[in-house]
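# Remarks on the overall topology
Below, each chain spelled out in residue letters.
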Amino acid sequence: MRTSLVVLLLVLALTLFGLAACGTAATSVPSGGAGDAVAGEAAFKANCSGCHSVEAGVTRTGPSLAGIGTAAGTMVSGTSAEQFLRQSIVDPNAQVTAGFSAGIMPGTFSARLAAQQIDDIVAYLLTLK
Ligand code: HEC
């Protein structure tokens, strides 16, 4: 009987620990989860390619994203490529690309796209080296 009580307490403690760990991860890491670049390419074509080509030198309403997977890591010091791309999608006016105006890229993607789709698009853009 004593043993089962100990086991019960142990399970309870581990469960609480697990929940606490999840809570910490969710609040302290603002970045998203792992994305699927193949799904991201499809989502990019559906939502972004009207304004962005991925070919060098082809400028539409927005800048070409050729090479953005590499360039994104050099844009803002202390900001990783993944963070820069995520911010560019959810808060486009935070960093405005030189030569372009603020307020043209819609700021509504965080509401219009599922979190997973944003993760997928970021994963796809990271492949554009
Ligand atoms: C209506 C046109 C439009 C759409 C749609 C659009 N963008 Fe943009 N985007 C822009 C413009 C204009 C800029 C440059 C101004 C700025 O930084 O906001 C830009 C900037 C960017 C940048 C920064 C590029 C750099 O070199 O700094 C990224 C990354 C980006 N967009 C990704 C996306 C993604 C991903 C989507 C789809 C989810 C998307 N955009 C949809 C117009 C658009």
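Before any of the text, the structure's been laid out above.
The following refers to the structure shown. (Residues numbered from 1 in each chain as written. Predicted model: local features only at pLDDT ≥ 70, side-chain atom pairs only at ≥ 80, totals over all residues.)

### Observations regarding the nonpolar core
Formally: Note on terminology: a nonpolar core is any set of buried Ala, Val, Leu, Ile, Met, Phe, Trp, Tyr and Cys residues joined through C-beta atoms within 7 Å. Exposure in this text rests on C-beta crowding, where 20 or more other C-beta atoms within 10 Å of a residue's own make it buried, 12 or fewer make it exposed, and counts in between make it partly exposed. The C-beta atoms are placed from the backbone. A run of H or I in DSSP becomes a helix once it reaches four residues, and a run of E becomes a strand once it reaches two; helices and strands are each numbered from the N terminus. Any pair of residues counts as being in contact when their C-beta atoms, constructed from backbone geometry, are within 7 Å of one another.
Counting 16 residues, the largest nonpolar core has Phe44, Leu85, Ile121, Val122, Tyr124, Leu125 and Leu126 as its most contacted members. Counting residues per element, this core draws most heavily on helix α6 (residues 115–126), which supplies 7 residues. Ignoring sequence-local partners within four residues, the contact set of Ile121 consists of Gly40, Ala43, Phe44 and Ile89.

### Here's the deal with the site of the ligand
Inclusion rule: In this analysis, residues qualify as near a molecule or strand once their C-beta atom, positioned from backbone atoms, comes within 6 Å of it. Residues are grouped as follows: Ala, Val, Leu, Ile, Met, Phe, Trp, Tyr, Cys and Pro are nonpolar; Asp, Glu, Lys and Arg are charged; every other residue, Gly included, is polar.
Around the ligand, the surrounding shell holds 25 residues, and the nearest of these are Cys48, Cys51, Gly62, Phe100 and Met105. Contributing elements (two or more residues each) for the shell around the ligand: α2 (37–47) and α4 (81–90). By residue number, the principal contributor to the shell around the ligand is α4, which donates 3 residues. Residues that form the shell around the ligand fall into these classes: 17 nonpolar, 8 polar and no charged.

### A short note on the packing of α2 against α6
Using the following cut-off: Only the stretch in contact is used when a helix axis is fitted, and all axes are lines through C-alpha atoms; the angle between N-to-C directions ranges over 0 to 180 degrees. The labels follow the angle: roughly parallel below 35 degrees, roughly antiparallel above 145, roughly perpendicular from 65 to 115, and oblique for the rest.
For the pair α2 and α6, interaxial distance at closest approach is 7 Å and the crossing angle is 100°. Taken as axis vectors, α2 and α6 run roughly perpendicular relative to one another. Of the residues in α6, those touching α2 at Ala37, Ala39, Gly40, Glu41, Ala43 and Phe44 are Gln117, Asp120, Ile121, Ala123 and Tyr124. Each residue belonging to the contact of α2 with α6 can be placed in one class, and the counts come to 7 nonpolar, 2 polar and 2 charged.

### Brief notes about the packing of α4 against α6
Packed helix pairs are specified by the crossing angle of their axes together with the interaxial distance, meaning the distance between the axes. Convention followed: Note: crossing handedness is left-handed where the near helix turns anticlockwise from the far helix by less than a right angle, and right-handed where it turns clockwise.
For the pair α4 and α6, interaxial distance at closest approach is 10 Å and the crossing angle is 130°. Relative to α6, α4 is oriented oblique. By crossing handedness, the relation of α4 to α6 is classed as right-handed. Of α6, the residues touching α4 (which contributes Ala81, Glu82, Leu85, Arg86, Ile89 and Val90) are Ile118, Ile121, Val122, Leu125 and Leu126. Considering only residue class, the contact of α4 with α6 consists of 9 nonpolar, no polar and 2 charged.

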